[in-house]
Amino acid sequence: MEHKYTFFKKADIVLAAGLIALGFVVLWFTHSAQAGSLAVVVKDGKTIGSYPLAIDKTVEIDNGTDRNVLVIENGSARMQEANCSGQDCIGFGRIDKPGQVILCLPHKLSVTITGEGGSDAISY
Amino acid sequence: MQYPTNKEKANKVAVCGVLTALALIFSYVEVLLPLPLGIPGIKLGLANIVILAAIYTVGPKYAFSINAVRVCMAALLFGSVFSAIYAMCGALVSFAGMVLLKKTGLFSPAGVSMAGGVLHNLGQLGVACTIMETAGVMYYFPVLLFSGMACGAGIGILATIILRRIHRMPA
Ligand SMILES: [Zn+2]
């Protein structure tokens, strides 16, 4: 068992280069620069509402057990309140760019920003 | 001939116990150090130092048990049922990938760890995609990929330093 543990081998560098390239390709596809216009709320796989970012609004999504409060203000959306475990959805902060997502996994809820009419957004 | 092999086995089991405890401590430290990347749930993958060292010293089979016990106990102690499903998928994908890459013999422990970090994050992203039934989650693919690479490589370098020191340990 005479192992020589080298820090990096040739294959490591090739793998790293490949991963970085892949990352940039996806980055290029998913991150368009223009600001989004709609916040689309999907719960349990069904779209339950789309709200223009231009209009300030507080949206309450409550089905009796799962409660989320989405706040749209100053052209961005954020999760203000939720009764989920972990409270991760609140941790996403403000989102306003097409493709950006707030996820509440325990409630199977997502809020996705789409561009004009959703035509250039990532499809569901 | 029977006695030494039994002793060897006992030795291995004891080492595994210590490694499991160590991995669990790292899992806990990780909970205290979330990465501020705008996505909740991204972790440094500190416990992977131990898992990586285990793969290279006691072997993949024992390393798998250590990892499984670690993930289950960490979920019970510091997480929810929900985070457990998430963590398990990430850990499984990452572990399988690391063992495969190690088997090729082409990669260094740091390279194996780098791939493990990426696969861990992407495994979790896959779970999120499936649960949410939306591909929109892919927006976070690049961040998860790059953070997984950076953390994985860093952890791998640490593990390499450790492996160099302990490779005289009975394996
Ligand atoms: Zn939530």
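Calculation rules
- Position labels on residues start from 1 in each chain and follow its written sequence.
- For naming, the first written chain is A and the first written ligand is 1, with later ones following in the order written.
- Whole-chain, interface and lining totals are the exception, using all residues; otherwise, since this is a predicted model, local features are given only for residues with pLDDT of at least 70 and side-chain atom pairs are given and counted only at 80 or more.
- Scored from 0 to 100, pLDDT records how confident the predictor is in each individual residue.
- Strands here are runs of E lasting at least two residues and helices are runs of H or I lasting at least four, both read from the DSSP assignment and numbered beginning at the N terminus.
- Residues are treated as contacting if the C-beta atoms built from their backbones sit within 7 Å of each other.
- Joined through C-beta atoms within 7 Å, a set of buried Ala, Val, Leu, Ile, Met, Phe, Trp, Tyr and Cys residues constitutes a nonpolar core.
- Buried, partly exposed and exposed are defined by the number of other C-beta atoms within 10 Å of a residue's own C-beta, namely 20 or more, between the two limits, and 12 or fewer respectively, with C-beta atoms placed from the backbone.
- What makes two strands pair is DSSP finding at least two bridges between them.
- Axis angles are defined between N-to-C directions and span 0 to 180 degrees, where every axis is a line fitted to C-alpha atoms and, for a helix, only to the segment in contact.
- Relative orientations are named as follows: roughly parallel for angles under 35 degrees, roughly antiparallel for angles over 145 degrees, roughly perpendicular for angles from 65 to 115 degrees, and oblique for any other angle.
- Should the near helix be turned anticlockwise from the far one by less than a right angle, the crossing is termed left-handed; should it be turned clockwise, right-handed.
- Put simply, Ala, Val, Leu, Ile, Met, Phe, Trp, Tyr, Cys and Pro go in the nonpolar bin, Asp, Glu, Lys and Arg in the charged bin, and everything else, Gly too, in the polar bin.

Any segment with low pLDDT has predicted coordinates that should not be analysed in fine detail. Residue and element names in this part refer to chain A. Residues with a pLDDT of 70 or more make up 86% of chain A, whose mean pLDDT is 84. Summarising per-element confidence for chain A, the mean pLDDT is lowest in helix α2 (residues 88-91) (88) and highest in strand β4 (residues 67-73) (95). For the stretch residues 117-124, pLDDT sits under 50, and the model shows 19 contacts to residues farther than four places along the chain or on other chains.

Turning to the nonpolar core, a few remarks are in order. Grouped burial of nonpolar side chains is what soluble globular proteins tend to show. Core analysis: the biggest nonpolar cluster contains 70 residues, and Ala39(A), Leu103(A), Ile51(B) and Ala54(B) have the highest contact counts within it. Sequence-distant contacts of Ala54(B), that is, excluding residues within four places in its chain, are made with Leu19(B), Tyr62(B), Ala63(B) and Ile66(B).

To continue, consider the interface of chain B and chain A. Across the contact, 37 residues belong to chain B and 37 residues belong to chain A. Those elements that provide at least two residues to the side of chain B that touches chain A are α4 (81-104), α5 (109-132) and α6 (141-166) of chain B.

Okay, the sheet that holds strand β3 (residues 57-62) of chain A next. Strands belonging to one sheet form pairs held by backbone hydrogen bonds; the direction of such a pair is parallel or antiparallel. Residue and element names in this part refer to chain A. Across the sheet, three strands lie side by side as β3-β4-β5; this open sheet has antiparallel pairing. Pairing within the sheet leaves two strands with one partner each, and these edge strands are β3 and β5 (76-82). Strand-to-strand twist of the sheet, defined as the mean angle between neighbouring strand axes without regard to direction, takes the value 20 degrees. As judged from the six bridges shared by β4 and β5, these two strands associate in the antiparallel manner. Paired with valine 71 across the bridge in β5 is arginine 78.

Turning next to the packing of helix α1 (residues 10-30) of chain A against α5(B). Interaxial distance between α1(A) and α5(B) falls to 9 Å at its minimum, and their mutual angle equals 25 degrees. Of the possible angle classes, the one that applies to α1(A) and α5(B) is roughly parallel. Between α1(A) and α5(B) lies a crossing of left-handed hand. Facing α1(A), whose interface residues are Ala11(A), Asp12(A), Leu15(A), Ala16(A) and Leu19(A), α5(B) presents Ala110(B), Gly111(B), Met114(B), Ala115(B) and Val118(B). Of the residues contributing to the contact of α1(A) with α5(B), the split by class is eight nonpolar, one polar and one charged.

Here we take up the sheet that holds strand β6 (residues 101-104) of chain A. Residues and elements named next belong to chain A. Strand order in the open sheet made by the four strands is β2-β1-β7-β6, with antiparallel pairing throughout. Each of the sheet's edge strands pairs with one partner strand only, and the pair in question is β2 (46-52) and β6. On average, adjacent strands in this sheet sit at an angle of 15 degrees to one another, irrespective of strand direction. Relative to β2, strand β1 (residues 38-43) runs antiparallel, the two being bridged by six bridges. By the bridge assignment for β2, alanine 39 is matched with tyrosine 51.

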